[in-house]
Every structure is written in structure tokens, then in C-alpha cells.
Amino acid sequence: MIELTSVQNPKVKQILHLRDRPERDISQTFLIEGYRELLRAADADWEVNLLFICPALFLGMNEPTLIERLTSRGTELFYCSEKVFRKISYRDRPDGLLAIAPQRHLTLDDLSLKTKKPMAPFFVVAEAIEKPGNLGTILRSSDAVGIDGLIVCDRCTDIYNPNVVRASVGTLFTVPTVEARGEDILLWLNKQGIDILAATPHAEKEFTQVDLTSPVAIAVGTEQLGLSERWMKQATMQVRIPMMGVADSLNVAMATTLLLYEVLRQRQLKK
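Remember, it's a predicted structure, so these values are computed and weren't measured experimentally.

### Points about the pairing of strand β5 (residues 97-102)
Within β5, six of the six residues are buried, which leaves the element mostly enclosed by the surrounding structure. Of the two faces of β5, the one lined by Leu97, Ala99 and Ala101 and the one lined by Leu98, Ile100 and Pro102 are each fully buried. Pairing geometry for strand β2 (residues 29-33) and β5, over five bridges, is antiparallel. Pairing of Leu31 across the sheet is with Ile100, part of β5. As judged from the four bridges shared by strand β3 (residues 50-53) and β5, these two strands associate in the antiparallel manner. The partner of Leu51 across the bridge, within β5, is Ala99.

### Some points on the sheet that holds strand β6 (residues 122-127)
Spatial strand order, β8-β7-β6-β10-β9-β11: six strands in an open sheet with parallel pairing. Looking at the sheet topology across the chains shown, the edges are occupied by β8 (177-180) and β11 (237-239). When the angles between neighbouring strand axes are averaged without regard to direction, this sheet yields 25°. Relative to β8, strand β7 (residues 149-153) runs parallel, the two being bridged by four bridges. Counterpart to Ile151 in the pairing with β8 is Val178. Each of β6, β9 (195-199), β10 (216-220) and β11 is contacted by helix α10 (residues 252-270), which is oriented at about 165° to β10, the strand it contacts most.

### Some thoughts on the UniProt feature "domain: RNA 2-O ribose methyltransferase substrate binding" (unreviewed entry) in the protein chain
Under the local residue numbering, the UniProt record ascribes the feature "domain: RNA 2-O ribose methyltransferase substrate binding" (unreviewed entry) to residues 31-107. What you have in residues 31-107 is 32% helix and 23% strand, and the ends, taken at the C-alpha atoms, are 22 Å apart.

The rules behind the values
- Residues numbered from 1 in each chain as written.
- Predicted model: local features only at pLDDT ≥ 70, side-chain atom pairs only at ≥ 80, totals over all residues.
- Heavy atoms only, no water.
- Buried < 20%, exposed > 50% of the residue type's maximum accessible area, 1.4 Å probe, protein only.
- Helix = DSSP H or I, 4+ residues; strand = E, 2+ residues; numbered from the N terminus.
- Pairing = 2+ DSSP bridges.
- Axes fitted to C-alpha atoms, helices over the stretch in contact; angles between N-to-C directions.
- Contact = heavy atoms within 4.5 Å.
- UniProt positions renumbered as here; feature names shortened; annotations may be inferred.

Right, dumping it as C-alpha cells:
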């Protein structure tokens, strides 16, 4: 185990650089910070290259077991002083675990339709989401209902942004996630016979009034403008979420969660 006691160490600088997207794009690596996030990465057999620990900041008793799991797979271990770890941490209250891992890049062809499972194919298409926290929350909700994949369309936010990893609470490692161009996604969905559901305040039907038990992809758009005209025109179903107050829309992650759970509710009733 190597000890890091200086904030000027090259490894410290490497970690700090990975906070920025250009460095992540060049190195094809990213940061995973936190016990829950690293545990889910380990459970998903995600490779972890380097692991930085500070036992003084551990919050529980399970960290040594996780560290042993990772190092037994070849992860290189570094012990950090508390000063160094607080420097490299992305969080206000770090828990003493941070890692560098390689990125994975799936394609649309890697997505499984799982035709033998009880539920029909079920996806989310997130078009040009700008805020990492929203993308992370969409991942978390997607994991909760068991979707077959999240498709990031014409990305604005890097899925390996540390705030995406954090807001997803590690579900980035459990939800198959693909980044692709809008035209390619539309062709793929059409080829697979998957309906597109879009939410708009102008729709006649509420989201609980359409049949969502068939193969479906929930399409959601930017925080400010919503879905683009292209996706609205391609949607086979348009629904609205009732708004009874002065606000005319919901946060995109909240709206996505409502739609996800409506799909799950309908399919559970159909069993």
C-alpha cells in the first residue's frame, strides 16, 4: 500500500483533473466516490484501477471488506492522510473512499430487449439533459422500476460526471446506459417496435389514461425547453401531467419518475 501525504503528489493532481470533462474524455476514466457507489460498482463487476482510502473518515465497519474485494481483483491501493483525502474528495463530508475506474461505452445494439421477462421492453430516452443531478436522479428512478436501459440522446451532460455518479447513488453501474444521436435512436426504436411516450402540457390525456403495458420508451427533454419538436412529432403517445398550482411544469427528473412508476403500476396490475 502506497501512502500519500502531500497534496502536490501527481496522483492527487490526476484525481483533481478528472473532475473536468476534457480529462475524462482523454483518459477514458472517471471518479467513483463513496461506499455505496463503490459497492455497487463492485457488485456489477466494474473494473476499478486505483483506490484511495482514508480510514479516519470511514463511517462504518464494512469498508475493509469492500477494500479487500477490490484489491483482490487487482485494484491498486493508496492510503491518504486526512488532509490529502479532503483535497481529492468531491464531497463536503467525505467517507474515505474514492476510486478511478475505466469508462464503458455501450451501443444501442448492446441493449437487451429481454423478451422472456414478465414485462415488455421498457426504456428511457433523455434528450440533452443539462444538469448532472437530474441525470443521476433519472438513473436512480430507472433502476428502481427495473428499466431495460437509459438512452442519453445528444448529450449535454457527461454520464461520468462525478455529480451524475453521486446523484445516481451508484445505479449508473446497474442501469445499462447508452449515448447516441437522436436520429439513430429513433431508427432503433422504430425497428424494435417500441412506442415513444412524450409528456407535454398540451396533450389531451393525462399520463394515467394511456396504456403503457406495451413496449415503450419514455422520452424526456431539457430542463428549460422540454423535448425537441423532432421527438414530439415522433412520439406515438403524448400525455400531460396535471398541474393544479401556479407552476406549469415539474423538474425533469421528478416528471420522469412519475411516468416511470405509472408504467410499473400498470404492468403490475396486468400480471
